[in-house]
Amino acid sequence: MHDNFLVKPTPEKAQEVQRELMSAMAVGDRQAFEQLYRLTSPRLFAVALRMLRRHAWAEEVLHDSYITAWNRAGSYNPALSSPMTWLTHIVRNRAIDWMRGSDNQLEELDDNVGENDASDHDEPLQRLQQDSEAKILADCLAHLPAEQRQSLTLAYYQGLSHGEVSSHLQQPLGTIKSWIRRALDHLKSCAGL
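Residues numbered from 1 in each chain as written. Predicted model: local features only at pLDDT ≥ 70, side-chain atom pairs only at ≥ 80, totals over all residues. Heavy atoms only, no water.

- In the annotation of an unreviewed UniProt entry, the protein chain is listed under the name RNA polymerase subunit sigma and assigned to Rahnella variigena.
- Reading the Sequence similarities (unreviewed entry) entry of the UniProt record for the protein chain gives the comment "Belongs to the sigma-70 factor family. ECF subfamily." (UniProt positions renumbered as here; feature names shortened; annotations may be inferred.)

Here it is as structure tokens:
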């Protein structure tokens, strides 16, 4: 029977496989890199897309992130985080850098020429407001302590429950809830919400 194909690996097994792939990647194993990419890219692309809200930008950030991961695989420490957390951190930082880049704002204007209808009068104003809000949020996120930022990212950008974040970061559930609450309080005051 082919029942094995229907069974989804446990999170622990998935992390174990990802750790093995990261170790192989650290010594230059391109097949391990390709397999890690196949396993993790859909989720990491979703993180980039949620942050950037533009398919082309998310693709570019994901590409840059995997180049960074390949180049820094030797510095990955499994005692500090899971491979997915480490990769998510790279993607998030690349996305924030991308949002801050002035060249990308010019590219957005170039990409949008001809896309607007006469019926979309207030769409440029909405885009400007969204871009401004994204930059404020990115700046506020950058000022959070690493553990709060990571907890918040896992909960809101990856959609993990507090319990899953607790398991993922190997921290008590109460600590995770506290970190997320403090991070949200900081974002509310920082962004003026």
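Having seen the structure, we can now continue with the description.
## A short note on the overall build of the protein chain
Link 1 in the chain: Tallying secondary structure elements over the protein chain gives nine helices and zero strands in all.
Link 2 in the chain: Going from the N terminus to the C terminus, the protein chain shows its helices and strands as α-α-α-α-α-α-α-α-α.
Link 3 in the chain: The proportion of buried residues among the 193 residues of the protein chain is 35%.
Link 4 in the chain: Roughly 11,900 Å² of accessible area belongs to the protein chain as shown, and the carbon and sulfur atoms make up 53% of that amount. (Helix = DSSP H or I, 4+ residues; strand = E, 2+ residues; numbered from the N terminus. Buried < 20%, exposed > 50% of the residue type's maximum accessible area, 1.4 Å probe, protein only. Areas by Shrake-Rupley, 256 points an atom, 1.4 Å probe, with all protein chains shown as cover.)

## A few points about empty space enclosed by the protein
Link 1 in the chain: A full pass over the atoms with the stated rule returns one cavity of 30 Å³ or more.
Link 2 in the chain: Approximately 50 Å³ is the volume found for the largest cavity.
Link 3 in the chain: What lines the largest cavity is Thr85, Thr88, His89, Arg92, Gln150, Thr153 and Leu154.
Link 4 in the chain: Contributions of two or more residues to the lining of the largest cavity are made by helix 4 (83–100) and helix 7 (146–157).
Link 5 in the chain: Per-element accounting of the lining of the largest cavity gives the leading share, four residues, to helix 4. (1 Å grid on protein atoms, 1.4 Å probe; cavity = no way out; pocket = protein on both sides within 12 Å on 5 of 7 lines; lining within 4 Å. Points joined across faces, edges and corners; volume = space filled by probe spheres on them.)

## What to know about the state of the cysteines
Link 1 in the chain: By the definition in use, this model includes one disulfide.
Link 2 in the chain: Bridging cysteine 140 to cysteine 190, the disulfide has an S-S length of 2.0 Å. Around the S-S axis, the bridge from cysteine 140 to cysteine 190 shows a dihedral of about -85° and counts as left-handed. With a gap of 50 residues between them, cysteine 140 in helix 6 (residues 123–142) and cysteine 190 in helix 9 (residues 173–191) connect regions that are remote in the sequence. (Disulfide = S-S within 2.5 Å.)

## Description of the packing of helix 8 (residues 162–169) against helix 9
Link 1 in the chain: Orientation of helix 8 relative to helix 9, taken along the N-to-C sense of each, is 110°, at an axis distance of 9 Å. By the criterion of interaxial angle, the relationship of helix 8 to helix 9 is roughly perpendicular. Once helix 8 is placed against helix 9, the crossing between them reads as right-handed. Each of His162, Gly163, Val165, Ser166 and Leu169 in helix 8 lies in contact with helix 9, whose residues at this interface are Leu173, Ile176, Lys177 and Ile180. (Axes fitted to C-alpha atoms, helices over the stretch in contact; angles between N-to-C directions. Parallel < 35°, antiparallel > 145°, perpendicular 65-115°, else oblique. Left-handed = near helix turned anticlockwise from the far one by under 90°. Contact = heavy atoms within 4.5 Å.)

## Considering the environment of asparagine 77
Link 1 in the chain: One can find asparagine 77 in the loop between helix 3 (55–72) and helix 4.
Link 2 in the chain: Residue class for asparagine 77 comes out partly exposed when judged on its relative accessible area of 34%.
Link 3 in the chain: In sequence terms asparagine 77 and methionine 22 are 55 residues apart; their C-alpha atoms lie 9.6 Å from each other.

## With respect to the packing of aromatic side chains
Think of a pair of aromatic rings as described by two things: how far the centres are apart, and how the planes are tilted against each other in angle.
Link 1 in the chain: In total, this model carries five aromatic pairs according to the counting rule given.
Link 2 in the chain: Summarising the aromatic geometry, the rings of phenylalanine 33 and tryptophan 70 are spaced 5.3 Å apart at their centres and angled 75° between planes, so their arrangement reads as edge-to-face. Of this pair, phenylalanine 33 sits in helix 2 (residues 30–52) while tryptophan 70 sits in helix 3, and the two are 37 residues apart along the sequence.
Link 3 in the chain: A relative accessible area of 22% places phenylalanine 33 in the partly exposed class.
Link 4 in the chain: Ring geometry for tyrosine 76 against tryptophan 86: centres 5.4 Å apart, planes inclined by 65°, an arrangement best described as edge-to-face. Placement of the pair is tyrosine 76 in the loop between helix 3 and helix 4 and tryptophan 86 in helix 4, with a sequence separation of 10 residues. An identical accessibility class is assigned to tyrosine 76 and tryptophan 86; each is buried.
Link 5 in the chain: Counting every residue linked through ring pairs, the aromatic cluster contains Phe33, Tyr37, Tyr66 and Trp70.
Link 6 in the chain: Between the NZ or CZ atom of arginine 54 and the centre of the ring of tryptophan 57, over which it lies, the distance is 5.1 Å. (Phe/Tyr/Trp six-rings, centres within 6.5 Å; stacked < 30°, edge-to-face > 60°. Lys NZ or Arg CZ within 6 Å of the ring centre and 35° of its normal.)

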